[in-house]
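Structural description and commentary
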Amino acid sequence: MLDEPTTSLDPTRTASIHHLVRRTQQNFALTVVMVSHDVPQVFEVSDQIAYMNGGKIELAGSASEVMSADNQNFKRFLAGKALDEDELLSTGAVVAAAR
């Protein structure tokens, strides 16, 4: 379980961490669950992706399934649209899993 493993890292270090995670996952046949708000990198390193909003999984599937889904909350999250007062009480996060 990795919780925001590359937050505040420069792009070179981020790529190194992702490479290390992928290599470790493949060498030991592990499932890695990564929580991240860094959507482009999540899509790059993940086999399966889940979008959480308000503590509940709203959307899950492969990268192409998630990107083609008609989920307005996820689309707003990707676009970085501002939330209104009520929506500020819950935040979205992307959870990724690599098999």
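For the structure itself, consult the block above.
All of these numbers come straight from a predicted model, not from anything done at the bench.

1. Details of the pairing of strand β3 (residues 48–53)
Direction of pairing for β3 relative to strand β4 (residues 56–61): antiparallel, over a ladder of 5 bridges. Residue pairing across strands places Ile49 opposite Gly61, the latter belonging to β4. A loop of 2 residues connects β3 with β4, the two strands running antiparallel in sequence, and Gly54 in this loop sits at a positive phi of about 65 degrees.

2. Side note on the nonpolar core
Residues Val39, Val42, Phe43, Ile49, Tyr51, Leu59, Val66, Ala69 and Phe74 constitute the largest nonpolar core, which totals 9 residues. Of all the secondary-structure elements, those providing two or more residues to this core are α2 (39–45) and β3. Per element, the largest residue contribution to this core is 3 residues, and it comes from α2.

3. A short note on the pattern of salt bridges
Applying the stated rule across the entire model yields 2 salt bridges. Asp47 serves as the salt-bridge partner of Arg22, at 3.4 Å between the closest nitrogen and oxygen. A residue pair is termed long-range when its members are at least 10 positions apart, and Arg22 in helix α1 (residues 11–28) and Asp47 in the loop between α2 and β3 qualify at 25 residues. Two residues, Lys75 and Asp70, come together in a salt bridge whose shortest N-O distance is 3.1 Å.

Rules used in this analysis
Residues numbered from 1 in each chain as written. Predicted model: local features only at pLDDT ≥ 70, side-chain atom pairs only at ≥ 80, totals over all residues. Heavy atoms only, no water. Pairing = 2+ DSSP bridges. Helix = DSSP H or I, 4+ residues; strand = E, 2+ residues; numbered from the N terminus. Core = buried A, V, L, I, M, F, W, Y, C linked by side-chain atoms within 4.5 Å. Buried < 20%, exposed > 50% of the residue type's maximum accessible area, 1.4 Å probe, protein only. Salt bridge = Lys/Arg side-chain N within 4 Å of Asp/Glu carboxyl O.

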